[in-house]
Amino acid sequence: MMSIDDQLAALSRRTERIVPEADLRAKLERSTKTGTPLRIKLGMDPTAPDVTLGHAVPLRVVRQFQDWGHKAVLIIGDYTARVGDPSGRNKTRPQLSGEEIDQNARTYVEQVGKILLTDAAHLETRFNGEWFAKMNLLDVLRLTSKKSVAQMLEREDFKNRYTTGVDIRIHEFLYPLMQGWDSVMTDADVEMGGSDQLFNNLVGRDLQADAEKPGQAVIVTPLLVGTDGVKKMSKSQKNYIGVTDPASGPSGMFGKIMSLPDVLMESYYTLLTDLPMGPVKEQIQRSPRDAKIALAKHLITWLHTAEAANTAEADFVTQFVKHEAPQEMPEFGVGELGPGPHKLPALLVRAGLAASNGEGTRKIKEGAVSIDGEKVTDFQKCLTIDKATVLKLGRKYARLLP
RNA sequence: GGGCGUGUACCCAAGUGGCCAACGGGGUCAGACUGUAAAUCUGAUGGCUUAUGCCUUCGAAGGUUCGAAUCCUUCCACGCCCA
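All of the points below concern the structure found in this document. (Residues numbered from 1 in each chain as written. Chains lettered and ligands numbered in written order. Predicted model: local features only at pLDDT ≥ 70, side-chain atom pairs only at ≥ 80, totals over all residues. Heavy atoms only, no water.)

1. Focus on the packing of helix H15 (residues 288–303) against helix H16 (residues 306–321)
For step 1, the next point in the chain: The N-to-C vectors of H15 and H16 enclose an angle of 145°; their axes lie 7 Å apart at closest approach. The handedness of the crossing between H15 and H16 is right-handed. On H16, the residues that touch Ile 293, Lys 297, Ile 300 and Thr 301 of H15 are Ala 306, Ala 308, Ala 309, Asn 310, Ala 312 and Glu 313.
For step 2, the next point in the chain: For the contact of H15 with H16, the class distribution of residues is six nonpolar, two polar and two charged. (Axes fitted to C-alpha atoms, helices over the stretch in contact; angles between N-to-C directions. Helix = DSSP H or I, 4+ residues; strand = E, 2+ residues; numbered from the N terminus. Left-handed = near helix turned anticlockwise from the far one by under 90°. Contact = heavy atoms within 4.5 Å. Nonpolar A, V, L, I, M, F, W, Y, C, P; charged D, E, K, R; others polar.)

2. Overview of a nonpolar patch on the surface
For step 1, the next point in the chain: A grouping of Leu 137, Leu 138 and Leu 141 is seen on the molecular surface, where their side chains present a nonpolar patch of about 320 Å² in accessible area.
For step 2, the next point in the chain: Residue placement: Leu 141 occurs in helix H7 (residues 137–144). (Patch = residues over 30% accessible without salt bridge, like charges linked within 9 Å, V, L, I, M, F, W, Y side chains within 5 Å. Areas by Shrake-Rupley, 256 points an atom, 1.4 Å probe, with all protein chains shown as cover. Salt bridge = Lys/Arg side-chain N within 4 Å of Asp/Glu carboxyl O.)

3. Overview of the protein's contact with RNA strand B
For step 1, the next point in the chain: Within the structure, RNA strand B sits among 26 residues, and Met 258, Arg 289, Asn 357, Thr 361 and Arg 362 are positioned closest to it.
For step 2, the next point in the chain: Contact between RNA strand B and Arg 169: a phosphate oxygen at 3.0 Å from a side-chain N or O atom of the residue.
For step 3, the next point in the chain: Take Lys 343: an N or O atom from its side chain is 3.2 Å from a phosphate oxygen of RNA strand B.
For step 4, the next point in the chain: Of all the secondary structure elements, the ones that give two or more residues to the surface near RNA strand B are H15, H16 and helix H18 (357–365).
For step 5, the next point in the chain: In terms of residue count, H18 provides more of the surface near RNA strand B than any other element does, five residues in total.
For step 6, the next point in the chain: Counted by class, the surface near RNA strand B contains eight nonpolar, eight polar and ten charged residues. (Near = heavy atom within 4 Å. Polar contact = N/O pair within 3.5 Å; in protein donor to acceptor, adjacent residues only side chain to side chain.)

So, in structure tokens, the structure goes:
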């Protein structure tokens, strides 16, 4: 068993702030003494089906706690998702229907299982509808009376929206309170979150104190930058890598990691791996490209398998270094278009490479399209698909079948 | 409830009767260059049976006009101020 100091040191790799640090230390010490595991809470809203590498950062910290014998308490925010977390937003989130939320929630536990231990001793999964569905208006009023409007407007994102005249709906003020109430209901000792969650997490600590329970310690992790190289990785920005993304292929992890800006390498290594940073920094210095390949393989090995990592690398080399078509690509039958010959733009649409005939036509004119490796610039070209035919538009491939 | 504003394509934003499928920027896609990228340069960015043709689009519905994103009416939504 690691000493408390070693544990805190191990956490520091991925923690931006621990509030308050002394409190966390005290909790760890008490847990060791009494043999009672700490309850490490992490909330996730099922607002989209994918768990991203951005979520993986706090999840890895939760995993560290699990490895030390503590218990993860995963809150699936089926009720909070109906409100929509306003954190970092500059407008109201769209509200999801109950069905969408339930469907998304179902896949979460499975995805999270790639990172966390999932046996009953190490993981407790709760839906916050468990307690919110039972509340009546009086309960809600009691909850809302805990915080003032001024306290809410202290939050950077609310303040910005208020001062720039972007509307804030009243239900959005409830979000931090609801998240905090989750902590009260689950007796969290520690709450994890991204650094944009600090406000919400601290509300939990306050509400616990108000309920005369020990206040949770709060650990926030740095935010992982998304594939655009600028903004926080998030589902709504579509700049994310999902933990269940395929290893290779156009939307695969390998390609997404390779197309990250070089400058992100250090933070990705720090936040997503446990490799010693000394050698990693040297490698990044020496060859950012090789560092990226190594990272891609490391992450794919973690989330898929070592074989998948090797295959993904091989595919990538084939496609982008040697500029040959990959082995695996999406396949589409042409039958439903009726008998040939077919116009090329229509085939591009059928293969999902273009959104409309017009777009297909433009891309052909731009020289972006090739058939079986032959570049085509004649947008009126017609062809009959009597054997498997490989279409390429930009870096995307598709195979057409008769 | 009253007053003043605002509503344009994925986002921001010009346009205030015909030259508007609608300037510009961002984003996105593609081409060149590369290390896969980033940066840079270039092109594209409503749909259709590719047509100097048709259809749909400037919050919604009506109306005026030969002709409307632009004018009028009503409605809806949002912001600010007053109550």
